[in-house]
Amino acid sequence: MMYWKNAWVFISLFLGTNLFFLSCQQAPTTAATENTNPVDTRLATLPAPKPGEAIATLAGGCFWATEKEMRSLKGVRAVISGYAGGDLEYPTYEQVGTGQTGHAETVQVYYDPRQLSYDTLLDAFFAGHDATQLNRQGPDVGKHYRSAVFYRTSVEKAQIEAAIQRESANHKAPIVTQVVPFTAFYPAEMYHQNYYEQHPYSLYIHLVSEPKVKKFEERMRNHLKE
């Protein structure tokens, strides 16, 4: 009995001291420690859309996993992690993390609609996170982790609303995804781009992001790149 009691105390202390690492909200110095490389805090550059290419802007919690999920879809050329839905121009990760700028962690997806329809992309978005969680995703809490889709046309708005109805069948709780007009997307710092692939040994990636991505891949297996 004493052995198990001591073991539980150790586990509790371990989780308590490492709670910071089980959150998407990490400082640049933490990222540098994990990767042993200097952190590149320059803002990423948005790619120029190619002829016939479409753009979608989606917020589904921590952008590290969402970016990984969207990158894996057939027809997707590029995905940029960044911020949308707020008032401040070109916010930093730290500013967004305060919850005061109004932004959500967001990804912008550049894709070929001939290979990937907007409806399928929306289904993939909902497959990649729990859209019933209000202003959070798992251990990540705050409005900057909210679920939202930013539409560019009235047609897209109708498609998003239809996708929400489809997704509602998979949940007992109501979908809380915001459906809002697109105004601006600001790219995040370079060290956030492709974060999932760059930090395979991160405790957060292993315990939080990987299970999320695996569920996504199982549900969207017919739409994944080879």
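Residues numbered from 1 in each chain as written. Predicted model: local features only at pLDDT ≥ 70, side-chain atom pairs only at ≥ 80, totals over all residues. Heavy atoms only, no water.

## Describing unusual backbone geometry
Phase 1 of the analysis: Of note, Y90 is a non-glycine position whose phi angle comes to about 45°, a positive value.
Phase 2 of the analysis: Relative to the helices and strands, Y90 resides in the loop between β2 (76-84) and α4 (93-97).
Phase 3 of the analysis: Using a relative accessible area of 51% as the deciding quantity, one classes Y90 as exposed.
Phase 4 of the analysis: Unlike most non-glycine residues, N135 shows phi in positive territory, near 55°. (Helix = DSSP H or I, 4+ residues; strand = E, 2+ residues; numbered from the N terminus. Buried < 20%, exposed > 50% of the residue type's maximum accessible area, 1.4 Å probe, protein only.)

## A closer look at the layout of surface pockets
Phase 1 of the analysis: Estimated volume of the largest pocket: approximately 320 Å³.
Phase 2 of the analysis: The element contributing the most residues to the lining of the largest pocket is helix α8 (residues 203-219), with eight residues.
Phase 3 of the analysis: Residue classes in the lining of the largest pocket are distributed as eight nonpolar, five polar and five charged. (1 Å grid on protein atoms, 1.4 Å probe; cavity = no way out; pocket = protein on both sides within 12 Å on 5 of 7 lines; lining within 4 Å. Points joined across faces, edges and corners; volume = space filled by probe spheres on them. Nonpolar A, V, L, I, M, F, W, Y, C, P; charged D, E, K, R; others polar.)

## As for the state of the cysteines
Phase 1 of the analysis: Scanning all chains against the criterion turns up one disulfide.
Phase 2 of the analysis: The disulfide bridge from C24 ends at C62, spanning 2.0 Å between sulfur atoms. Between C24 and C62 the sulfur-sulfur dihedral comes to about 60°; the bridge is accordingly right-handed. Taken together, the residues span a long stretch of sequence, with C24 in the loop between α1 (2-17) and α2 (28-35) and C62 in the loop between β1 (54-60) and α3 (63-71) at a distance of 38 residues. Across the pair, exposure class does not vary: C24 and C62 are buried alike. (Disulfide = S-S within 2.5 Å.)

## Re the side chain of S147
Phase 1 of the analysis: Locating S147 in the fold gives a position in strand β6 (residues 147-151).
Phase 2 of the analysis: In this structure the side chain of S147 is engaged in a polar contact, spanning 2.8 Å, whose partner is the side chain of H129.
Phase 3 of the analysis: Other than its neighbours up to four places away in sequence, S147 contacts A59, F125, H129, A131, V176, T177 and Q178. (Polar contact = N/O pair within 3.5 Å; in protein donor to acceptor, adjacent residues only side chain to side chain. Contact = heavy atoms within 4.5 Å.)

## Things to note about the pairing of β2
Phase 1 of the analysis: By the criterion of burial, β2 is predominantly enclosed, with eight of the nine residues buried.
Phase 2 of the analysis: By the bridge criterion, three bridges tie β2 to strand β8 (residues 185-187) in an arrangement that is antiparallel. Counted as the bridge partner of A84 is F185 from β8. (Pairing = 2+ DSSP bridges.)

## So, helix α6 (residues 154-168)
Phase 1 of the analysis: Here α6 spans 21 Å end to end across 15 residues, near enough to the 21 Å set by a 1.5 Å rise per residue.
Phase 2 of the analysis: Within α6, the full set of buried residues consists of E156, I160, A163, I164 and E167. End-on view of α6: buried residues confined to an arc of 105°, all on one side of the axis. In α6, those exposed residues whose orientation departs by more than 90 degrees from the buried face are S154, V155 and Q165.
Phase 3 of the analysis: Residues of α6 that are buried sit in contact with β1, α5 (118-127), β6, β7 (178-181) and α8. (Expected span 1.5 Å × (residues − 1). Arc of directions from axis to C-beta.)

## Considering the confidence of the model for the protein chain
Phase 1 of the analysis: Looking at the protein chain, pLDDT values average 89 and 85% of them are 70 or higher.
Phase 2 of the analysis: For the stretch residues 1-20, pLDDT sits under 50, and the model shows six contacts to residues farther than four places along the chain or on other chains. (pLDDT = per-residue confidence, 0-100.)

## Details of the environment of R221
Phase 1 of the analysis: Position of R221 among the secondary structure elements: in the segment after α8.
Phase 2 of the analysis: A C-alpha to C-alpha distance of 9.1 Å links R221 and L73, two positions 148 residues apart in sequence.

## A word on α8
Phase 1 of the analysis: In a regular helix each residue adds 1.5 Å, so 17 residues correspond to 24 Å; α8 covers 24 Å between its end C-alpha atoms and thus fits that length.
Phase 2 of the analysis: Maximum bend of α8: about 40°, positioned at S209, with proline P211 one to four residues after it.
Phase 3 of the analysis: Taken as a whole, α8 has its buried residues at Y204, I205, S209, E210, K212, V213 and F216.
Phase 4 of the analysis: Residues of α8 that are buried make contact with β1, α3, α5, β4 (136-137), β5 (140-141) and α7 (195-198). (Bend = angle between axes of the 7 residues up to and from the residue.)

## Comments concerning the nonpolar core
Phase 1 of the analysis: W64, M70, L73, V109, Y111 and L121 are the most contacted members of the largest nonpolar core, which has 44 residues in total.
Phase 2 of the analysis: If you tally residues by element for this core, the top one is α5, at seven residues.
Phase 3 of the analysis: When residues no more than four places from it in sequence are discounted, the contact partners of Y111 are E53, A54, I55, A56, G75, V76, R77, L116, Y118 and L121.
Phase 4 of the analysis: In this structure, A44, A78, Y110 and F185 belong to the second largest nonpolar core, which totals ten residues. (Core = buried A, V, L, I, M, F, W, Y, C linked by side-chain atoms within 4.5 Å.)

## Topic: the packing of aromatic side chains
Phase 1 of the analysis: Within this structure, the stated rule accounts for seven aromatic pairs.
Phase 2 of the analysis: Between F63 and Y93 the ring centres are 6.1 Å apart and the planes differ by 20°, which places this aromatic pair in the stacked class. Of the two residues, F63 is situated in helix α3 and Y93 in helix α4; the sequence distance between them amounts to 30 residues. Judged on exposure class, the residue F63 and its partner Y93 are both buried.
Phase 3 of the analysis: Ring geometry for F125 and F126: centres 5.0 Å apart, planes at 65°, overall edge-to-face. Both residues of the pair, F125 and F126, count as buried.
Phase 4 of the analysis: Among the aromatic residues, those joined into a ring-pair cluster are F63, Y83, Y93 and Y191.
Phase 5 of the analysis: Directly above the aromatic system of F182 lies the positively charged group of R152, at a separation of 3.9 Å from the ring centroid. (Phe/Tyr/Trp six-rings, centres within 6.5 Å; stacked < 30°, edge-to-face > 60°. Lys NZ or Arg CZ within 6 Å of the ring centre and 35° of its normal.)

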